[in-house]
Structures are given as C-alpha cells and as structure tokens.
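# An overview of the molecular structure
One letter stands for each residue in the lines below.
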Amino acid sequence: MAEHGTDEPSSSTGSPDGEGRDSGDRLLLHQRLAVRELIDTEASYLHMLQLCASDIRSRLQQLPQGDLDVLFSNIDDVIEVNSRFLHDLQETASREDEQVHSIGNLFLEFQEELERVYKVYCASYDQALLLVETYRKEPELQREIQGIIEAVVPQAGPSGLSFLLVIPLQRITKYPLLLQKILENTDPDASAYPVLQRAASALQDVNTNINEYKRRKEVASKYTKVGQLTLRERLARINTHTLSKKTTRLSQLLKQEAGLVPRTEDKEFDYLEERLHWVSLCVTETKNNVAVYLANLEAFLHFRPQESELDIPGGPVVQYCSLMGDLQLQAFPDFKQRLEGLVWQPLCSLAKALSGPQNLVKKRLDKLLDFERVEEKLLEVGSVTYEEQEARHTYQALNSLLVAELPQLNQLAMRWLGQILHTFVDLQRDLAKQVLQRAEGSLAQLPHHHLSQPAFRKLVEDVLGQTGHQLRSFQENFEKVLPPPTIQPLLPGAERQVQALLSRYGPEKLYQVTSNISGAGTLDLTLLRGQIVALLQNKDTKGNSSRWLVDTGGHRGYVPAGKLELYRVIPGQEEVKEQVQPPKDSHHLTPEPSPAPVPSVPTVTQVVAAYPFMARSSHEVSLQAGQLVTVLEAQDKKGNPEWSLVEVNGQRGYVPSSFLARAPSPAPWGWSLPS
C-alpha cells in the first residue's frame with residue numbers, strides 16, 4: 001500500500017491537467033521567444049539602416065546627389081518611424097503580463113505610418129537597382145563602392161549595394177510572419193489573441209497596399225516615359241496593333257460625342273483635373289511673365305545713358321552718371337543673378353514637374369475609352385480576353401493613382417508657386433532698398449526734396465491730371481480723323497467658304513477668329529486669325545461655356561470662346577470683299593486691278609495704323625493699332641489703291657489702305673514739373 005501510495009503523485013503528473021500545464025508552459029516559452037526575436041531583429045534592422053544613412057551614404061561622395069537620392073530614397077523617414085516603433089516595442093517588456101497585447105496594439109497604431117514610408121521606398125527600389133547595374137559596368141567605380149560597403153558592413157559580401165537596398169523590403173514583408181508566429185503561440189482564449197489577429201491582418205493589408213501602389217507607379221512611369229519620346233521615337237512605335245487601338249478609341253469618343261453611348265462620369269477626378277489645369281496655367285503664365293521681365297531687365301542693363309556724352313552741365317548730371325554706373329555694375333547684375341537662381345530656375349523645375357502628371361491625365365483618357373469599351377463587351381458577352389482584362393486593370397490603377405495623388409500635387413504646386421512669388425516680391429523689395437540707400441545722397445539734389453509727402457503727392461496728382469487732359473484732347477482729335485470701322489481681312493480663298501456658312505447657318509451664327517488658335521486637345525481646332533466659323537454650341541460636353549463647338553465649313557471642333565467675335569456681315573458683301581480681300585496672285589499678294597477711287601493716302605506719308613493687322617505672308621507686314629507707318633506707295637504694283645506699300649520699324653510690306661489713317665496735328669503739348 002505504501003508503494004502504491006508513493007506512485008500516486010507520479011500518476012497525477014501524467015493526468016490531462018498536468019499535460020495541459022506543460023503544454024501551456026511550452027506555448028508561453030515559444031511566445032516569449034517569438035517576441036524576443038521580433039525585438040532583437042528590429043534593433044539589428046534599425047542599426048543597419050543607420051549605417052546605410054550615415055556611414056555609407058556619406059562616404060559615397062563620388063556619386064551624384066541625384067543618384068544618392070534615388071538609391072537611399074526616403075530612408076531617413078523609414079529610420080524615424082522605425083526608431084519610435086523600436087522604442088515602444090522595448091517599452092512593452094516592462095509590462096510582461098500584457099506585453100503581447102501591447103505589441104498587437106502597437107502594430108495597429110503604426111499601421112498607417114509604416115505603409116506611408118515603406119510604399120515610397122519600395123516604389124523607387126527598381127530604379128535604384130537600375131543604377132546599381134550601371135555602376136557594375138564601370139569596374140573602377142564598382143570597386144570603390146564595394147570597398148566602402150565591405151569596410152562598414154562586412155556581411156554584405158559581393159552583393160554590396162543590392163544587399164543593403166533590399167533590407168527594408170525584406171523587413172516590411174517579415175512583420176506579418178513574426179506576428180503570425182506570436183499568434184500561433186498564443187492561447188486562443190487569451191485577450192491578446194483577437195488583437196494579434198487584427199495586427200497580423202493589418203500588416204498583411206499594408207504589404208498588399210504597397211504592392212498595389214508600386215504597380216500603379218510602374219504604370220505611371222511607363223506612360224510618363226512615353227510622353228517624353230521624340231517624334232521619331234513615337235513614329236517608330238506605330239504598328240498595326242497601335243493603329244487598331246487608336247482607331248477603336250476614336251470610334252468610342254465619336255460615339256460619346258454623338259450621344260450614342262453614355263460617358264463615364266467621375267466628378268471627383270474632373271474636379272482634380274480642372275484644378276491641375278488651372279495650376280499648370282498659373283505656372284505657365286508666371287513663367288512667361290518672368291521670362292519677359294528677364295528679357296526687359298537684360299535690355300535695361302545694356303542701355304547705359306550715363307556712358308554717353310550728355311550735353312547738360314551741372315553737378316546733378318555728374319551725380320546721376322555716378323549713381324547709375326554704380327547700380328549697373330553691382331546692384332542690378334546681382335539682382336538679375338538672384339532672380340534667375342531663386343525665381344526663374346524654380347519656375348522651370350515646377351513646370352517640368354507638372355508635365356508628367358499632365359501626360360498621365362491625357363493617357364487616362366485613352367485608358368478610360370478602353371475601359372468603357374471593355375465594360376460594354378462584358379455586359380453584352382459576359383467575358384473578355386486577358387488583354388482586355390489587363391486594359392481594365394491599367395485604367396483602374398492609373399485612375400486610382402491620380403485620384404489619390406492629385407490633391408497633394410495641386411496643393412504642393414500652389415505652395416511652391418506661392419513661395420516663388422513671395423521670393424520675387426522680396427527680391428524687388430531688396431533691390432528698391434539698395435537703390436534708395438545708394439541714392440540717398442543724390443535725393444537731396446531733386447528740386448522738390450523739401451516738400452512733405454502729402455504736398456508732393458498733390459503736386460504729382462495735379463501734373464498727372466493736366467497731362468491726362470492733354471492726352472484726352474489728343475485722343476478726341478485723333479478719333480475725328482479715323483476712318484469708319486472696318487473688318488479684319490478674310491483669309492485668301494475664304495469668300496466661298498463664308499458664303500457657304502452664311503447660307504447654312506445665317507449671319508447671327510458667324511464668328512471671326514481674333515487671334516491664332518493652337519488646338520491642344522483631341523477635339524480642339526487649330527485656326528488662323530481672321531478665319532470665319534459658325535457657332536454650333538456655346539459650351540462643351542462638360543458644360544464649360546469657355547469652349548465653343550464650331551464648324552469651319554470642313555471641320556468641327558472646340559475653340560476658346562474668348563478668341564471669337566461676332567462677324568458683322570455688311571450689306572453689299574461684294575463691295576466689302578473687294579475692299580479687304582487679299583490678292584489672289586501668290587507672287588504679288590495684291591488684289592486684281594479694278595476701278596478704284598483716288599488713293600486716300602498720299603505717297604511717302606507719315607500715317608497711323610487705325611487697326612491691328614496680322615501679316616499672312618512675307619509680302620505683308622504686321623501692324624499694331626496706333627503705330628506710326630510710312631507709306632511708300634499708296635497702291636500695289638497693279639495700281640490697286642486698296643493695298644499700300646508701307647515701312648514699319650525698318651520692314652517693308654503691303655497692308656490694307658483702309659487700316660491707315662492720317663495722324664492729327666494737335667497743338668504742341670507736353671508736361672513738366674513746376675519748379
């Protein structure tokens with residue numbers, strides 16, 4: 001009995017309760033090992049990232065800064081996020097009973113930040129590998145890079161840069177596995193179990209989203225590169241397949257314009273596209289204005305009156321010459337240099353940065369047409385080919401990328417442009433301050449320096465008012481001798497086309513193009529100034545009233561409404577045509593000889609251009625309203641007085657005689673500051 005009694009405890013250890021305790025202990029042990037592996041590997045990983053960012057990147061100075069930016073991408077952001085993540089991981093060790101629960105919550109807390117930084121790094125990884133391949137083609141450079149890496153990270157081995165660059169990708173994909181390992185060694189009844197499940201699922205979603213983002217970026221990169229191809233490269237890409245695709249897209253677009261098939265509406269994207277359009281327009285206009293400003297500044301710097309012999313005695317002239325010489329040698333050149341570096345170059349960079357997204361927006365339209373066609377087939381047939389399914393996925397990826405990133409792009413571009421404009425204003429302010437400081441001694445020589453500011457303002461207002469009155473008097477005298485209003489001459493051979501449009505649409509629908517139009521879109525028209533069109537609709541398919549649908553008599557398309565004005569059909573159209581029709585003879589570009597009144601403009605006379613005129617050939621010369629013109633011959637070579645040979649700014653050519661007017665000869669006038 002004693003022996004049997006002593007066997008009781010040993011038999012109890014083999015009971016189900018004892019085995020359960022042993023199993024729970026093993027589970028807890030493996031769980032702690034998995035947690036330790038997570039924390040230890042995270043510390044080693046972060047140390048490796050810091051070596052890459054500090055030691056290795058700082059020693060690769062033989063590489064261009066642009067290459068370093070591509071190779072290491074946003075590694076600083078990754079280090080910042082993972083440093084905080086590791087710190088919080090290590091803090092969980094102080095709460096041993098709740099450590100696993102805290103780790104699950106920690107991953108859920110860092111989910112968005114991890115996705116944000118790693119998707120940028122992973123998206124640029126392929127481009128970094130391409131750079132690594134180019135370095136391998138230069139043995140000397142490759143040896144230098146390999147030597148630096150082996151000195152810092154010996155375990156990198158012959159893989160070198162490739163070994164280091166892939167580490168962040170391996171780490172983000174390993175998080176779900178480490179969490180799964182902890183989950184497998186956690187009791188399903190424990191309170192931490194559902195939290196770990198959510199964390200593992202969240203990190204799996206992070207990897208899925210990163211892969212999708214990477215795929216979208218690859219699609220965007222592909223079509224951005226296509227937008228940068230030269231004309232010859234584009235022509236080389238044309239084949240039967242591409243022609244077939246473009247024909248199908250055009251057919252789909254025409255069906256939509258005709259209302260035969262519905263158009264896919266995406267109000268969110270349409271709003272973002274319009275914002276991008278206006279941002280790009282603002283950048284382009286600002287860039288053009290700054291270019292003109294720089295050109296004028298360059299011309300101003302070349303104009304140096306202080307170096308000329310000024311036949312004006314006195315001290316103020318000497319002071320003026322000294323001041324201008326000083327400003328043109330230092331202040332103005334410095335201003336120009338700063339303007340180019342701080343305003344012009346950033347503007348060019350911004351315009352270049354916006355060209356890629358603009359190409360993607362244009363490409364999205366092509367892909368949208370493919371998507372709509374595939375959707376129609378899917379509804380009719382119920383199945384599509386692999387290529388058609390890929391076209392659907394391409395559109396969805398491109399559209400998702402644009403909708404996700406255009407808001408941030410528009411915001412950053414406007415902020416960038418605003419900063420450039422602020423810089424421009426600051427440069428102007430600095431220049432004015434420098435000029436005033438240098439001219440401080442000369443200001444005392446001005447005749448009105450003793451006046452107070454209100455008195456000087458009153459003086460200037462009185463002088464300007466007097467001068468304005470003189471200008472109005474000159475204008476009134478000038479308008480008295482202006483010829484009656486006339487129309488812009490029609491383009492050669494346009495009379496029959498105008499008559500056809502007139503008979504088809506009526507005079508109230510005819511409009512004349514006021515300036516040359518270059519069509520940028522698929523359905524936009526390219527028209528010349530003076531061309532006559534018929535209005536079909538005063539808005540486009542999106543309801544935009546600034547784009548009108550017109551008919552040229554041969555083509556239909558959209559043009560900016562602001563470049564059209566109503567064409568006034570004057571009774572006796574034949575007389576008007578004889579008055580303004582350009583010559584049919586391409587050699588002389590003058591009308592046929594016809595009975596005409598006595599020339600209204602005498603030969604070799606100084607007159608004024610009453611209206612602007614755009615030259616359409618080398619035999620004609622352009623005019624601006626109010627421009628002084630010298631009439632050499634008041635008729636063309638065939639004696640037709642409706643065209644005059646003139647000289648403008650050293651250029652000779654024919655212009656319509658009806659566009660010229662004698663300049664009035666008012667009493668001499670001018671203005672001067674009272675003493």
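Up top is the structure these notes are about.
Residues numbered from 1 in each chain as written. Predicted model: local features only at pLDDT ≥ 70, side-chain atom pairs only at ≥ 80, totals over all residues. Heavy atoms only, no water.

### Quick look at the pattern of salt bridges
Applied cut-off: Definition used for salt bridges: Asp or Glu carboxyl oxygen within 4 Å of a side-chain nitrogen of Lys or Arg. Segments assigned H or I by DSSP are reported as helices when at least four residues long, segments assigned E as strands when at least two residues long, and all are numbered from the N terminus. Three labels apply to residues, based on accessible area from a 1.4 Å probe with only protein chains included: buried if under 20% of the type maximum, exposed if over 50%, partly exposed otherwise in between.
Taken as a whole and judged by the stated rule, the model has 26 salt bridges. A salt bridge links R171 to E42; its shortest N-O distance comes to 2.8 Å. Of this pair, R171 sits in helix α9 (residues 167-184) while E42 sits in helix α2 (residues 16-59), placing them 129 residues apart in sequence. Take E42: its relative accessible area is 0%, and that puts it in the buried class.

### Some details on the pairing of strand β4 (residues 556-560)
Put simply, the rule reads: Strand pairing is defined by DSSP finding a minimum of two bridges between the two strands.
Of the pairings in the sheet, the one linking strand β3 (residues 547-551) to β4 comprises five bridges and is antiparallel in character. In the strand pairing of β4, L549 is matched with Y558. Counted along the chain from β3 to the antiparallel partner β4, the turn is four residues long, and its residue G553 has a positive phi close to 95 degrees.

### A word on the nonpolar core
The cut-off we apply is this: For the purposes of this section, nonpolar cores are sets of buried Ala, Val, Leu, Ile, Met, Phe, Trp, Tyr and Cys residues that join through side-chain atoms within 4.5 Å. We call two residues contacting when some pair of their heavy atoms lies within 4.5 Å.
The biggest cluster of nonpolar side chains holds 67 residues, and the ones touching the most others in it are I56, L71, F107 and Y118. The leading source of residues in this core is α2, at 12 residues. Among all residues touching F107, those that are not within four sequence positions of it are L38, F85, Y175, L179, A199 and L203.

### Regarding helix α6 (residues 125-136)
Defined as follows: A helix is expected to span 1.5 Å multiplied by its residue count minus one. The arc in question is the one spanned by the directions pointing from the helix axis to the C-beta atoms.
The terminal C-alpha atoms of α6 lie 17 Å apart, and with 12 residues this matches the ideal 16 Å at 1.5 Å per residue to within 8%. Where α6 is concerned, the buried positions are Y125, A128, L131, V132 and Y135. Down the axis, α6 shows its buried residues gathered within 115 degrees of arc, on one side only. On its buried side, α6 packs onto α3 (65-72), α5 (99-123), α7 (139-152), α8 (161-165) and α9.

### Digging into the sheet that holds strand β7 (residues 628-633)
Stated formally: Where helices are involved, their axes are fitted lines through C-alpha atoms of the stretch in contact, as for all axes, and angles between N-to-C directions lie from 0 to 180°.
Taking strand neighbours across the sheet as the criterion, the five strands line up as β9-β8-β7-β6-β10 in an open arrangement whose pairing is antiparallel. Only two strands of the sheet have a single partner each, and these edge strands are β9 (651-656) and β10 (660-662). Between one strand and the next, the sheet's axes are offset by a mean angle of 50 degrees, whatever the strand orientation.

### Looking at the packing of aromatic side chains
Keep this limit in mind: In this scheme Phe, Tyr and Trp rings, the latter by its six-membered ring, pair at centre separations within 6.5 Å, and the angle between planes marks the pair as stacked below 30 degrees, edge-to-face above 60, and tilted otherwise. By the criterion adopted, a ring carries a charge over it if an Arg CZ or a Lys NZ lies within 6 Å of its centre and within 35 degrees of its normal.
As enumerated under the stated definition, the model contains 12 aromatic pairs in all. Summarising the aromatic geometry, the rings of F85 and F110 are spaced 5.3 Å apart at their centres and angled 70 degrees between planes, so their arrangement reads as edge-to-face. With a gap of 25 residues between them, F85 in helix α4 (residues 75-91) and F110 in helix α5 connect regions that are remote in the sequence. By relative accessible area, F110 is classed as buried at 1%. Taken together through their ring pairs, the aromatic side chains of F85, F107, F110 and Y175 make up a single cluster. Here the guanidinium or amino end of R364 rests over the ring plane of F269, the centre of that ring lying 3.5 Å away. Cation over ring: R547 sits above Y558, and NZ or CZ is 4.5 Å from the ring centre.

### A look at the environment of C52
With respect to the element layout, C52 can be found in helix α2. Given a relative accessible area of 3%, C52 falls into the buried group. When the C-alpha atoms of C52 and V153 are compared, they prove to be 9.0 Å apart, with 101 residues separating the residues in sequence.

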